[in-house]
Amino acid sequence: MAQSDTLLANPAPLGLMGFGMTTVLLNLHNAGLVPMGAAILGMGLMFGGFAQIIAGVLEFMKGNTFGLTAFTAYGAFWLSLVALIALPKFNIAPATDPSLMGSYLLVWGLFTFIMFLGTLRATRAHQTIFASLVVLFVLLGLGDLLAEPSLTLIAGYEGIFCGLSAIYLAAAEILEAQFHYAVLPVGPYSPPLRVAVA
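Residues numbered from 1 in each chain as written. Predicted model: local features only at pLDDT ≥ 70, side-chain atom pairs only at ≥ 80, totals over all residues. Heavy atoms only, no water.

- Going by what an unreviewed UniProt entry lists, the protein chain is known as Acetate transporter and is assigned to Acetobacter indonesiensis.
- Under the UniProt heading Subcellular location (unreviewed entry), the note attached to the protein chain is "Membrane".
- The UniProt entry for the protein chain carries this comment under Sequence similarities (unreviewed entry): "Belongs to the acetate uptake transporter (AceTr) (TC 2.A.96) family." (UniProt positions renumbered as here; feature names shortened; annotations may be inferred.)

In structure tokens, the structure reads:
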């Protein structure tokens, strides 16, 4: 069977679940509902980090530039965030200054805004995930830059919504693959523009 005829599995639900479940867990902490602990760091390392990078590599094999960029980048985000928290504990590097941490989060907000623009040709579910993630990074970044804990608290609840929206889309894609029809609505999809070549 030629490779072009081979049916490849959709790696997006893996990446979305890795992102969504880890985002919910971390933002339970940001909302003040649970303490920071090994469960959050372990989730960030393995599911949010490595699993998303695997999904990104699989998206590369499918020729999906958006999926490759999103899953690999956010997998690297989670690995870097775990490193930022863990490295000072092992006296490998000093703790990150709040102003630098705020800048780190805002830079990720800028990246996410660029990715959000890409979702304007995707489903409403994709748009919801990335729009709410832009808001999350901005709230967290300003919370650190302005030393305003209330912004971090608000970000926690907003981040729980963001994570749940990613879990929803993952569930929709898993169920559609299993049942061979759309089970959960995700909003209209705008197919790529076809440019005629003379």
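1. Focus on the environment of Val135
Next up, step 1: Mapped onto the fold, Val135 is located in helix H5 (residues 124-145).
Next up, step 2: By relative accessible area, Val135 is classed as partly exposed at 39%.
Next up, step 3: On a C-alpha basis, the gap between Val135 and Leu84 in space is 22 Å, while along the polypeptide they are 51 residues apart. (Helix = DSSP H or I, 4+ residues; strand = E, 2+ residues; numbered from the N terminus. Buried < 20%, exposed > 50% of the residue type's maximum accessible area, 1.4 Å probe, protein only.)

2. What to know about a nonpolar patch on the surface
Next up, step 1: The grouping of Leu14, Ile54, Val57, Leu58, Phe60 and Met61 at the surface amounts to a nonpolar patch, some 560 Å² of accessible area in total.
Next up, step 2: Examining the composition of the nonpolar patch, we find that five residues originate from one element, helix H2 (residues 38-61), more than from any other. (Patch = residues over 30% accessible without salt bridge, like charges linked within 9 Å, V, L, I, M, F, W, Y side chains within 5 Å. Areas by Shrake-Rupley, 256 points an atom, 1.4 Å probe, with all protein chains shown as cover. Salt bridge = Lys/Arg side-chain N within 4 Å of Asp/Glu carboxyl O.)

3. A word on the packing of helix H3 (residues 65-86) against helix H4 (residues 98-118)
Next up, step 1: Look at H3 against H4: their axes get within 11 Å of each other, and the N-to-C directions meet at 165°. Our classification of the angle between H3 and H4 gives roughly antiparallel. The handedness of the crossing between H3 and H4 is left-handed. Contact with H3, carried on its side by Phe66, Thr69, Ala70, Ala73, Tyr74, Phe77, Ser80, Leu81 and Leu84, involves Met101, Tyr104, Trp108, Phe111, Thr112, Met115 and Gly118 of H4 and no other residues of that element.
Next up, step 2: Considered class by class, the residues forming the contact of H3 with H4 number twelve nonpolar, four polar and no charged. (Axes fitted to C-alpha atoms, helices over the stretch in contact; angles between N-to-C directions. Parallel < 35°, antiparallel > 145°, perpendicular 65-115°, else oblique. Left-handed = near helix turned anticlockwise from the far one by under 90°. Contact = heavy atoms within 4.5 Å. Nonpolar A, V, L, I, M, F, W, Y, C, P; charged D, E, K, R; others polar.)

4. Here's the deal with the side chain of Glu158
Next up, step 1: For Glu158, the position within the fold is in helix H6 (residues 149-179).
Next up, step 2: Setting aside chain neighbours within four positions, we find Glu158 in contact with Ser132, Val135, Leu136 and Leu139.

5. Remarks on unusual backbone geometry
Leave glycine aside and you will find that most residues have negative phi; peptide bonds, for their part, are mostly trans.
Next up, step 1: Not every positive phi belongs to a glycine, and Asn91 is a case in point at roughly 55°.
Next up, step 2: The topology assignment puts Asn91 in the loop between H3 and H4.
Next up, step 3: Residue Ala147 is not a glycine yet carries a positive backbone phi of 50°.
Next up, step 4: Note that Ala147 resides in the loop between H5 and H6.
Next up, step 5: With relative accessibility at 61%, the residue Ala147 sits in the exposed group.

6. Focus: the packing of aromatic side chains
Next up, step 1: In this structure the tally under the stated criterion is 13 aromatic pairs.
Next up, step 2: Ring geometry for Phe19 against Tyr74: centres 5.9 Å apart, planes inclined by 50°, an arrangement best described as tilted. On the criterion of sequence distance, the pair formed by Phe19 in helix H1 (residues 12-30) and Tyr74 in helix H3 is long-range, its members being 55 residues apart.
Next up, step 3: A relative accessible area of 6% places Phe19 in the buried class.
Next up, step 4: Between Trp108 and Phe111, the ring centres sit 5.5 Å apart and the planes meet at 85°, which makes this aromatic pair edge-to-face. Of the two residues, Trp108 and Phe111 both sit in helix H4, three residues apart, roughly one turn of that helix.
Next up, step 5: With relative accessibility at 16%, the residue Trp108 sits in the buried group.
Next up, step 6: Within the aromatic cluster, the residues linked to one another by ring pairs are Phe19, Phe66, Tyr74, Phe77, Trp78, Tyr104, Trp108, Phe111, Phe130 and Phe137. (Phe/Tyr/Trp six-rings, centres within 6.5 Å; stacked < 30°, edge-to-face > 60°.)

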